[in-house]
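Given next are the chains, with one letter for each unit.
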Amino acid sequence: MKPNVMIFAGALALMTAPVSLQVLAQAPKPVVTIPFVTEQPATEWLAHVFIGADVQNASAETVGDVRDLIFDRTGRISTVVIGVGGFLGVGEKHVAVPFNALTYSVGKDGARIISIALSKDELKLAPIFKATEKTRMDKVKDKASDMGQKTMDKAVEMKDQAAKKIEDMKSAPVKQ
């Protein structure tokens, strides 16, 4: 079929399409009625500001920091994961407490304060929290750790092979 004939045949097919398809194509699209939020309410916190925030005890001592939030199926925060102990994240353990076990307030200078009625020692004795869901970053860390271990294993294997070759060379008779 020639190109002009194909175009004519396609146009003819569209013009003779059932009326119901034409009516559907002309029907107005439903209007979305989602109320958009244009500004953060002063009484609410952004998650990325909340995560990493210090957690204090009743004596205003820092006892940990917020490491993660767990949401229930309705979208409400149910649990807060707190990093306890360690230095710069090394040796830190994660414990999880119900969201309502923490209190949230604003200090005199406007700083947000997150408090828990537990001491640092009590949090250190708490059971370790284990997440069952991995983030992309967790997966990358696991893969990097696995690759690092394989590299170390291969380096040890090559070192052993080199040492064996050196020993073989030393014990081989010398040609004169």
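A short note on the overall build of the chain
Consideration 1: Helix and strand content of the chain: five helices and six strands.
Consideration 2: In the chain, the succession of helices and strands from N to C terminus is α-α-α-β-β-β-β-β-β-α-α.
Consideration 3: Residue burial in the chain is summarised as follows: out of 176 residues, 13% are buried.

Looking at the side chain of Lys 93
Consideration 1: In this fold, Lys 93 is placed in strand S4 (residues 93-98).
Consideration 2: Asp 121 provides the closest opposite charge to the buried, salt-bridge-free Lys 93, at an N-O distance of 11 Å.
Consideration 3: One polar contact links the side chain of Lys 93 to the main-chain carbonyl oxygen of Ala 126, over a distance of 2.4 Å.
Consideration 4: Residue contacts for Lys 93: discarding those within four places in its chain leaves Ile 82, Gly 83, Val 84, Leu 123, Lys 124, Leu 125, Ala 126 and Ile 128.

Let's talk about the nonpolar core
Consideration 1: With 14 residues, the main nonpolar core has Val 55, Val 66, Val 80, Ile 82, Leu 102 and Ile 116 as its most contacted residues.
Consideration 2: Of all the secondary-structure elements, those providing two or more residues to this core are strand S2 (62-71), strand S3 (77-84), S4 and strand S6 (112-116).
Consideration 3: Not counting residues up to four positions away in its chain, the partners in contact with Ile 116 are Val 55, Gln 56, Asn 57, Ala 58, Val 63, Ile 82, Val 97, Ala 101, Leu 102 and Leu 123.

Concerning the pairing of S6
Consideration 1: As paired elements, strand S1 (residues 54-56) and S6 share two bridges and run parallel to each other. Residue pairing across strands places Gln 56 opposite Ser 115, the latter belonging to S6.
Consideration 2: The pairing of strand S5 (residues 102-106) with S6 spans five bridges and is antiparallel. Looking at the pairing, Val 106 lines up with Arg 112 of S6.
Consideration 3: Between S5 and S6, which pair antiparallel and follow one another directly, the connecting turn spans five residues, one of which, Gly 110, has a positive phi of 90 degrees.

Thresholds, definitions, all that
Residues numbered from 1 in each chain as written. Predicted model: local features only at pLDDT ≥ 70, side-chain atom pairs only at ≥ 80, totals over all residues. Heavy atoms only, no water. Helix = DSSP H or I, 4+ residues; strand = E, 2+ residues; numbered from the N terminus. Buried < 20%, exposed > 50% of the residue type's maximum accessible area, 1.4 Å probe, protein only. Lys, Arg positive; Asp, Glu negative; His and termini not counted. Salt bridge = Lys/Arg side-chain N within 4 Å of Asp/Glu carboxyl O. Polar contact = N/O pair within 3.5 Å; in protein donor to acceptor, adjacent residues only side chain to side chain. Contact = heavy atoms within 4.5 Å. Core = buried A, V, L, I, M, F, W, Y, C linked by side-chain atoms within 4.5 Å. Pairing = 2+ DSSP bridges.

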